[in-house]
Amino acid sequence: MAYKRQIDRLPIPPADAKVHNVTCHYCIVGCGYKAYTWPRNKQGTLKDNAFGIDLGQQQGADGTWLAPAMYNVVQQDGKDVHLAVVPDPDCVVNSGLVSIRGGRMAENRPSRVTGTQQQRLTDPMVWRNGTWQPTSWDDALDLVARVTARVVTQGSEDDLVVSMFDHGGSAGGYENTWGTGKLYFQSMKVKNCRIHNRPAYNSEVHSSRDMGVGELNYSYSDYEVTDTIVMVGGNSLETQTNLFLNHMRKGLENGAKFISVDPRRTVTINAAEEIAGKDNVLHLAIKPGTDMVLFNALLTHIVDQGWTDDEFIKASTFQGGEAVAEGTGQPAGLGSLDYAMQSCRTTTAEAAEICGVPEADIIKAAEWIAKPKEDGARRKCVTCYEKGVIWGNDNYRTIGAIVNVSLATGNIGREGGGCCRLGGHQEGYYRPSDAHVGRPPTYIDQLLISGGGKVYHVWACDHYKTTLNAAEFKRVLNRRSQMVKDAIDAAAGGSREELVDAIVSAVNAGGIFVVDVDIIHSQIGQTAHVILPAAESNEMNLTSMNGERRLRLSEKYMDPPGSAKPDCLIAAGIARHMERVLREMGEDAYADQFKGYDWETEEDAFMDGYAQGNPEVTYERLRAMGNNGVQEPVVGYEDGKLIGTPRLYADGKFDRHGRDDKKALFCAAGWRGWQAPGKAQEQASHKFWINNVRANIFWQNQFLDQDNDFIQDRFPYPFIEMNPDDMAELGLNAGDLIEIHNENGATQGMAYPTDTAQRGQVAMVFGSPSGSQGNVVNPGVNELVLPDYKHTWGNIRKLADATPQARAVSFKSKEYKA
Amino acid sequence: MRCKKMVDVGRRQFLRGGALAAAGAAVTTVAGAPAQATPANAQVDYPSSRLANIADLAVNEPLDIEYPDADSPGVLLKLGTPVEGGVGPDGDIVAYSVLCPHKGYYMGYNAEDRTLNCPGHFSRFDVEAGGQQVWGHATQNLPQFTLRVDDKGDIYAEGASDLIFGRPSNVL
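Description of the structure in this document. No experiment lies behind these values; they were computed from the predicted model shown. (Residues numbered from 1 in each chain as written. Chains lettered and ligands numbered in written order. Predicted model: local features only at pLDDT ≥ 70, side-chain atom pairs only at ≥ 80, totals over all residues. Heavy atoms only, no water.)

**Description of the overall build of chain A**
Here is step 1: Of regular secondary structure, chain A possesses 26 helices and 30 strands.
Here is step 2: When the backbone C-alpha atoms are referred to their principal axes, chain A occupies close to 80 × 65 × 65 Å.
Here is step 3: Taking all 818 residues of chain A together, 67% fall into the buried category.
Here is step 4: Counted over contacts in chain A with a minimum sequence separation of 6, partners at least 24 positions apart contribute 77%.
Here is step 5: Accessible surface computed for chain A: about 26,400 Å², of which carbon and sulfur atoms make up 46%.
Here is step 6: Across chain A, the 83 positively charged side chains and the 104 negatively charged ones have centroids separated by 2 Å. (Helix = DSSP H or I, 4+ residues; strand = E, 2+ residues; numbered from the N terminus. Buried < 20%, exposed > 50% of the residue type's maximum accessible area, 1.4 Å probe, protein only. Contact = heavy atoms within 4.5 Å. Areas by Shrake-Rupley, 256 points an atom, 1.4 Å probe, with all protein chains shown as cover. Lys, Arg positive; Asp, Glu negative; His and termini not counted. Charge placed at Lys NZ, Arg CZ, Asp CG, Glu CD.)

So this is what it looks like as structure tokens:
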């Protein structure tokens, strides 16, 4: 049965409801919403209400509507209040549009009245007497501090391994990255750390930065006035929904061409065709992992045809041959265009062969990108890329090859241009220097698998659902953490000192002590010995910036569940307990390093961190800037407004690499086939390419959506899109439970017949709680420890007939059909 | 997709339902007397509206309807095979709102794969699977109308599974 809400009437927000600015805390686009809250015993009327319209009339298309998912009853200052979170028509990001993620923000709030999100953690828990027991913050933090302090003083800070988010939105943001960053990079110098979505502490886009080009350099409005949009390994209608619907769409309606580089046909391509007409959309369905060759051929053709922007190249890019040599931290040389061309030169015929697309299409793409218009004017082109290449083959050189084309055509720093990451979460990174981590950084998953680390702090990451080589990672971490659980159980009834002794003995014998900070009891949290409950955006004030660097304050409108706290205040609590415990241990000098955490609120953490580097910015000023905020970097404050920067590099000076000459560098992106270890062999020995994809309906690893009936009803198992002929060959029906297996492990999902899927290629949704795609991804990474999740091959077998749940769902095409 | 064939929308029943809802929302105060609320039913009272007779329906040919009132367009379909929520002797008659529960655009019916498709932002819903959103931006499945067929084969709509776009109450 399709999920029915059985709601036929909703409370009406009264005219005097409290109004809060909200930036959606899910994807990088950061749509603006307004949250209305009002007392439980009050309501508006059809004529007199917070929306100021006659709700007795049927609203037309695009009219104001409070959908059931936008409503809840939550706690605010200890009282139950009505909550409505509705899209803001005055926010320039989304102009009132709503995605299937953001539209459910209210519904995905914890409510003890409506029963939503009862999976949220409310109190600290410690492993005690054979299970997790709720306890006080002081008790839990004392144990964390005692074990951590003992281990790092007996050994070194290298025995402490940390997984921590680096993003904005959700539970990230400038407040929380600063809290964790100050603890691990200032009070300590932890080098064995990794980020939520990759097994090391590194940039996803090292090459773009090394070339001088910060990866978020445009304004979303650039899509509206460009001549061509090039999307590489991206699927924006699903993953940056309102960027596509509110900005790219306007560009297409204004006559822009659309090029998608993706082995898979996506709903984005379908929608682009609907908007712009098939003649204006070019899908380059390249062979997996060959993006670099394509862009090298585009660059070569553009150079050979004389379509480069020579004035820009002369003024803004390096002219003297090699600037940076290839080296251990530098998987390609960098320098002038001529220098790069020595490695990049690829004919369109060669590329057609390697990429498996018609040569004529490659030439057409080059023309759409750079062939001057009939009046001689240069074409404007926005290039955007995301996980298809970031988590793809030879990350460094591939992204370098993409940025090369934008630089050569003068399309960075200009209206209608840009060469940008599309992004996943919002951004919100403000931390002390991470230089001590080194480049290349430690491959943390392998460190843990090989027995390294004794204490493991995990902040809002669930690698069990999302990491690569996940099957092995889980096996080892389960075993090592169980050793410590056994030791704790054996020490039951003893003193705190005896407990710490038992834990330290276990970690010295190969075990690992796990502290998990999260909003829910996650899969990796099953290994934890201490669990600390965190707050999310709007349960705290939180600042982040979106994919065009638009900084907003998303305001607190409700209490966190139970005694949950913002991550920054949890980090401060750990620091204060570390200071106390270290002083008790006689480690006064070390204890002093943990001073400076006397924050009462998240705003204190913001002022201690972000505002130190950006003194113009305060909560009060951001609040006044509302849902349109200000685009970073903030350069001033005048007439009551923060002054921002719509577009980076408008002056033609590139500085992301830190070079004094402020000249952009080209990347010598020489093709070398499959770069990460094991990929070529895996491809040769398995039948199916297992593409790792996203879906608009799920936010990341479904941490909230796993408890949302509307979502789980649609896909009770992770979908695996598959060509119907491949299914027939394996005797599969729609919805059958299938297993993907290879030498790395196995995972499961349900077969979703997809007529546009190529034979031998399946597309599995990433990060599912009921089937981790990462189980079958091999451990191969690039030189800078960037994972290649996208390239996995396996065989497929049937596990079971479709379950009743699976049989009830629709297996029709996801593509719009008029 | 709008079929030109107009059907009886049960205007009289609709008006009665609307009046009840309005009374339920009102709070009256008499001067000098204690405030007294008019008791309201906990659930919306839906009109019972005759949509068509089974004899009017042909397999996979959509019939335009309006329910619970003239401002709420919908579609009545006979699918030819029994489906979730289907009524009639063949268990194959269903009815849905055709305002997309994302942003309220008027959706079109694709008879080939039996989906309702939104030209606004490309969402689509499966009429053979209880109005489940196949792909799209709406935060709910399509409002499906509760149907009853009487002895004469007249089909009545008497309720809805979800809130209809653009209104705070299905019955205004």
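**Quick word on the state of the cysteines**
Here is step 1: What the rule picks out here adds up to zero disulfides over all chains.
Here is step 2: For Cys193 of chain A, which is in no disulfide, the shortest distance to another cysteine sulfur is to Cys461 of chain A and amounts to 11 Å. (Disulfide = S-S within 2.5 Å.)

**Some thoughts on the sheet that holds strand E3 (residues 71-76) of chain A**
All names here are of chain A.
Here is step 1: Spatially, the four strands line up as an open sheet ordered E1-E2-E4-E3, and their pairing is antiparallel. Each edge of the open sheet is held by one strand with a lone partner, namely strand E1 (18-23) and E3. Going from strand to strand, the sheet's axes swing by 35° on average, the running direction of each strand aside.
Here is step 2: The pairing of E3 with strand E4 (residues 79-87) spans six bridges and is classified as antiparallel. (Pairing = 2+ DSSP bridges. Axes fitted to C-alpha atoms, helices over the stretch in contact; angles between N-to-C directions.)

**Side note on the interface of chain A and chain B**
Here is step 1: Every contact between the two is made by 58 residues of chain A and, on the other side, 52 residues of chain B.
Here is step 2: Of the roughly 4,500 Å² buried between chain A and chain B, counting both surfaces, carbon and sulfur atoms make up 52%.
Here is step 3: Counting the surface chain A buries against chain B, the share from its top three residues, Asp8, Gln58 and Trp65 of chain A, is 18%.
Here is step 4: In this assembly, chain A and chain B are joined by two salt bridges.
Here is step 5: A salt bridge links Glu128 of chain B to Lys812 of chain A, with the shortest nitrogen-to-oxygen separation between them at 2.7 Å.
Here is step 6: One can count 39 residue pairs in polar contact (both at pLDDT 80 or more) joining chain A with chain B.
Here is step 7: Broken down by secondary-structure element, the contributors of at least two residues to the side of chain A that touches chain B are helix H4 (236-239), helix H5 (241-253), helix H6 (267-276) and helix H24 (709-714) of chain A.
Here is step 8: Sorting elements by how many residues they give to the side of chain A that touches chain B places H6 of chain A first, with four residues.
Here is step 9: Within the side of chain A that touches chain B, the residues separate by chemical class into 29 nonpolar, 14 polar and 15 charged. (Buried area = accessible area lost by both parts, 1.4 Å probe. Salt bridge = Lys/Arg side-chain N within 4 Å of Asp/Glu carboxyl O. Polar contact = N/O pair within 3.5 Å; in protein donor to acceptor, adjacent residues only side chain to side chain. Nonpolar A, V, L, I, M, F, W, Y, C, P; charged D, E, K, R; others polar.)

**Looking at the sheet that holds strand E17 (residues 513-518) of chain A**
Residue and element names in this part refer to chain A.
Here is step 1: Spatially, seven strands are ordered E6-E5-E18-E17-E16-E7-E8 in an open sheet, and the strand pairing comes out mixed. Strands with a single pairing partner mark the edges of an open sheet, and in this sheet they are strand E6 (131-134) and strand E8 (193-194).
Here is step 2: Where helix H16 (residues 470-490) meets the sheet, its contacts fall on strand E5 (125-128), E6, strand E16 (455-459) and E17, and the angle it forms with E5 comes to roughly 70°.
Here is step 3: Against the sheet, helix H18 (residues 567-584) contacts E16, E17 and strand E18 (530-533), and its axis sits at roughly 155° relative to E16.

**Some words on the packing of helix H7 (residues 291-305) of chain A against helix H9 (residues 337-344) of chain A**
Residue and element names in this part refer to chain A.
Here is step 1: Put simply, H7 and H9 touch, their axes get as near as 10 Å, and they point 125° apart. As the angle between them shows, H7 and H9 are arranged oblique. For the element pair H7 and H9, the recorded crossing hand is left-handed. Residue-level inspection shows Asn296, Leu299, Thr300 and Val303 of H7 in contact with H9, the latter providing Leu337, Met341 and Cys344. (Parallel < 35°, antiparallel > 145°, perpendicular 65-115°, else oblique. Left-handed = near helix turned anticlockwise from the far one by under 90°.)

**A few points about helix H10 (residues 348-355) of chain A**
Residues and elements named next belong to chain A.
Here is step 1: All of the buried residues along H10 are Thr348, Ala351, Ala352 and Cys355. Within H10, the buried residues cover an arc of 105° as seen down the axis, which keeps them to one side.
Here is step 2: In this structure, the buried residues of H10 make contact with H7 and helix H11 (359-370).
Here is step 3: Just downstream of H10, Gly356 is the residue with a positive phi angle, here 70°. (Arc of directions from axis to C-beta.)

**Some thoughts on unusual backbone geometry**
All names here are of chain A.
Here is step 1: Here the residue pair Arg439 and Pro440 is connected by a cis peptide bond, since its omega of 0° sits within 30 degrees of zero.
Here is step 2: Tracing the sequence through the fold places Pro440 in the loop between strand E15 (419-421) and helix H14 (444-449).
Here is step 3: Note that the residue after Glu632, namely Pro633, is joined by a cis bond; omega there is -5°.
Here is step 4: Within the secondary structure, Pro633 sits in the loop between strand E21 (630-631) and strand E22 (636-638).
Here is step 5: For Asp394, which is not glycine, the phi torsion reads 55° and is therefore positive.
Here is step 6: Structurally, Asp394 is set in the loop between helix H12 (387-390) and helix H13 (395-408).
Here is step 7: In the Ramachandran plot, Gln702 falls in the positive-phi region, its phi being about 65° despite a non-glycine side chain.
Here is step 8: Relative to the elements of secondary structure, Gln702 occurs in the loop between strand E25 (688-693) and H24.
Here is step 9: Accessibility expressed as a relative area gives 2% for Gln702, which makes it buried.

**Things to note about the side chain of Ser336 of chain A**
All names here are of chain A.
Here is step 1: Tracing the sequence through the fold places Ser336 in the loop between strand E13 (334-335) and H9.
Here is step 2: Residue classification places Ser336 among the buried residues on the basis of a relative accessible area of 6%.
Here is step 3: Not counting residues within four places of it along the chain, the set of residues in contact with Ser336 comprises Phe318, Gln319, Gly320, Gly321 and Phe666.

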